[in-house]
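Topology and contacts: notes
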Amino acid sequence: MFQRILIANRGEIALRIIRACKEMGIESVAVYSEADRGAPYLQLADQSICIGPAIATESYLKIPRLISAAEAADVQAIHPGYGFLSENAHFAEVCRDCKIEFIGPPPEAMHRLGNKNEARKLAQKAGVPVVPGSEGLIEKDEEALALAREMGFPVLIKAAAGGGGRGMRVIREEAALLSGLRAARQEAESAFKDGSVYLEKYIEQPRHVEVQLLGDRLGNVIHLWERDCSLQRRHQKLVEESPAPNLPDSVRKKICESAVRLAKAAGYYSAGTCEFLVDKQNRFYFIEVNARIQVEHPVTELVTGVDLVKAQIRVAAGEPLPFAQRDIVHRGCAIECRINAEDPASHFRPSPGLITRWQPPGGPGVRLDTHAVAGYRVPPNYDSLVAKLLVYQPTRADAIACMRRALDEFIIEGIHTTIPLHREIMRHPAFQAGQVDTTFIERTWQKKG
Ligand code: MV4
């Protein structure tokens, strides 16, 4: 096992990884930018190293600085967390060249799955359903036109190099297709330096269901069931839960098995997520793989009892998965609310600054993952996540009641947060009935969106 790990990240996920290291008897080395200097969670690491100025491109995204810190601290591995360099195959390659273990999937699998069109082809080969659409990239306008007529409108143009909602364009009628293609190619070229696009049937008001995967370097891959992440605003998730409400067990099982087949076909190991869209008829379609530990991973930890960060570290060190598929039992219901330093009453404007009062919730069934404390200043430079409030209960109704109680206990002063919006979501009849899809938030809180 590793003796020492460097954490190439910040905030709550850095603290989450520090905690896993401590419980495993591994020394942790934190890094920080000037904006995070003095942050309380840094004290909990065995060592912390400044890697540059506030701007992420000169610190958390700067590969030479991270490698220098890793070599100076003499670590055997780097955990990238989520965001920043976590899905950067080049960073994983540099780590390999420097004989430092990258705690994540192999760069080959990251390359294979990073291109959405390639991932789609691989999924098809592995017998995983994909959204009806083009065989491959769209070369000629006539191809697109013929295909769109055959599938029927609306269709969706997607950039092969896009992902997470970037580089997509909905086309509702034939007259808009060719100009849409031209614009999509141009946008993709300037955003990703890759203008290639492909076409899919547009699925109206889908649910977003994702499957948690875990693989080891011996080729074993298992799933840890699914999360519903349909409650999003502008591709920023707000609420995640497991199990996915109103998803028949037969469909659920098929989705999870599909995700495992795709991961095996990609030569994947470590933690990862396979994303699917689920339509109103409960048909499911693969859309993309997230080759990292995700923000919402604790939802799965609660319902399966598996510590995903510890598992990631173990498999990176070459250990086999300590459990088989049959050992993974899903029990109860977990919900996560993302508490962001944003003002939901004012178009979700970022609200960094000093937290003058911090009174966290507690009690039965509550987990709070946060790096914030009273007197902590939320820096304006990074994403606005200040806490992940999770609950775990036997049933979904109990979980919602517990979350309402916990949200009501939670007092944060000095900054605006998404807590008031979460209180409304938990009281909404459609949410309580599990009738959620990816358009719910924007449809329901249009005035605030
Ligand atoms: C789609 C879609 C509808 N039809 N593909 C958005 C993020 C990226 N992962 C894929 N996305 C979508 N792809 C087809 N063919 C609708 C979305 C989508 C979405 C997906 C998941 C979660 C939230 C979303 C919000 C808007 C659109």
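Residues numbered from 1 in each chain as written. Predicted model: local features only at pLDDT ≥ 70, side-chain atom pairs only at ≥ 80, totals over all residues. Heavy atoms only, no water.

**Section: the packing of helix α1 (residues 11-24) against helix α10 (residues 308-316)**
Their axes nearest at 9 Å, the elements α1 and α10 cross at an angle of 65°. One element, α1, and the other, α10, form an angle in the roughly perpendicular class. The element α1 and its partner α10 pack so that their crossing is right-handed. Two secondary-structure elements touch here, α1 through R16, I17, A20, C21, E23 and M24 and α10 through L308, V309, K310, I313 and R314. Looking at side-chain class alone, the contact of α1 with α10 contains 7 nonpolar, no polar and 4 charged residues. (Axes fitted to C-alpha atoms, helices over the stretch in contact; angles between N-to-C directions. Helix = DSSP H or I, 4+ residues; strand = E, 2+ residues; numbered from the N terminus. Parallel < 35°, antiparallel > 145°, perpendicular 65-115°, else oblique. Left-handed = near helix turned anticlockwise from the far one by under 90°. Contact = heavy atoms within 4.5 Å. Nonpolar A, V, L, I, M, F, W, Y, C, P; charged D, E, K, R; others polar.)

**Notes on the site of the ligand**
For the ligand, the set of nearby residues contains 18 residues, the closest of which are K158, E200, K201, I203 and E288. The contact in question runs from a nitrogen atom of the ligand to an N or O atom on the side chain of K158, over 3.1 Å. I203 places a main-chain nitrogen or oxygen 2.9 Å from a nitrogen atom of the ligand. Looking at the shell around the ligand, the elements that each hand over two or more residues are β6 (155-163), β8 (197-201), β12 (270-278) and β13 (284-290). Residues belonging to the shell around the ligand are distributed by class as follows: 7 nonpolar, 6 polar and 5 charged. Each of domain 2 (132-201) and domain 3 (207-448) accounts for three or more of the residues forming the shell around the ligand. (Near = heavy atom within 4 Å. Polar contact = N/O pair within 3.5 Å; in protein donor to acceptor, adjacent residues only side chain to side chain. Domains from an automatic or database assignment.)

**Side note on the domain arrangement of the protein chain**
Domains assigned within the protein chain are domain 1 (4-103), domain 2 (132-201) and domain 3 (207-448). Its C-alpha centre places domain 1 at a distance of 23 Å from the equivalent point of domain 3. Counting residues at the interface gives 32 residues for domain 1, matched by 30 residues for domain 3. Buried surface at the junction of domain 1 and domain 3, both sides included, amounts to about 2,400 Å², of which 60% is carbon and sulfur. The largest share of the area that domain 1 buries against domain 3 comes from E12, R16 and Y82, three residues that together contribute 26% of it. Where domain 1 touches domain 3, the interface holds 6 salt bridges. For R16, the salt bridge is made with E301, and the minimal N-O distance between the two is 2.8 Å. (Buried area = accessible area lost by both parts, 1.4 Å probe. Salt bridge = Lys/Arg side-chain N within 4 Å of Asp/Glu carboxyl O.)

**Some points on helix α9 (residues 297-304)**
With 8 of 8 residues buried, α9 lies mostly within the body of the structure. Three or more residues of α9 are buried, namely H297, P298, V299, T300, E301, L302, V303 and T304. Backbone geometry just downstream of α9 places G305 in the positive-phi region, at approximately 75°. (Buried < 20%, exposed > 50% of the residue type's maximum accessible area, 1.4 Å probe, protein only.)

**Description of empty space enclosed by the protein**
For the coordinates displayed, the defined rule picks out 2 cavities of 30 Å³ or more. Computed from the structure, the largest cavity encloses a volume of approximately 40 Å³. Taken together, D228, C229, S230, L231, V239, E241, F431 and V436 make up the lining of the largest cavity. Elements supplying a minimum of two residues to the lining of the largest cavity: β10 (221-233) and β11 (236-242). Ranked by residue count, the leading element in the lining of the largest cavity is β10, at 4 residues. Estimated volume of the second largest cavity: approximately 30 Å³. If you go around the second largest cavity, the residues you meet are P80, G81, S86, F102, I103, G104, P105, A291, R292, I293 and Q312. In the lining of the second largest cavity, the residues fall into 6 nonpolar, 4 polar and 1 charged. Built from parts of two domains, the lining of the second largest cavity gets at least three residues from each of domain 1 (4-103) and domain 3 (207-448). (1 Å grid on protein atoms, 1.4 Å probe; cavity = no way out; pocket = protein on both sides within 12 Å on 5 of 7 lines; lining within 4 Å. Points joined across faces, edges and corners; volume = space filled by probe spheres on them.)

**Overview of unusual backbone geometry**
In this model, F153 is joined to P154 through a cis peptide bond whose omega is 0°. Looking along the chain, the bond that leaves S242 and enters P243 is cis, with omega of 0°. Inspection of the secondary structure puts P243 in the loop between β11 and α8 (249-265). One non-glycine residue, S270, lies in the positive phi region at around 80°. Considering the arrangement of structural elements, one finds S270 in strand β12. Non-glycine residue H347 carries a positive phi angle of around 55°. Mapped onto the elements, H347 comes out in the loop between β15 (342-343) and β16 (349-350). Of the residues examined, H347 reaches a relative accessible area of 54% and is grouped as exposed.

**Re the pairing of strand β2 (residues 27-33)**
Extensive coverage of β2 is indicated by the burial of 6 of its 7 residues. Sheet topology note: the β2/strand β3 (residues 47-52) ladder contains 5 bridges and is parallel. In the strand pairing of β3, V29 is matched with Q47. (Pairing = 2+ DSSP bridges.)

**Here we look at helix α2 (residues 63-73)**
Every buried residue of α2 is accounted for by I63, L66, I67, A69, A70 and A73. Summarising the axial view, the buried residues of α2 lie within an arc of 160°, below the 170-degree limit, and thus occupy one face. The exposed residues of α2 that point more than 90 degrees off its buried face are P64, E71 and A72. Just downstream of α2, D74 is the residue with a positive phi angle, here 55°. (Arc of directions from axis to C-beta.)

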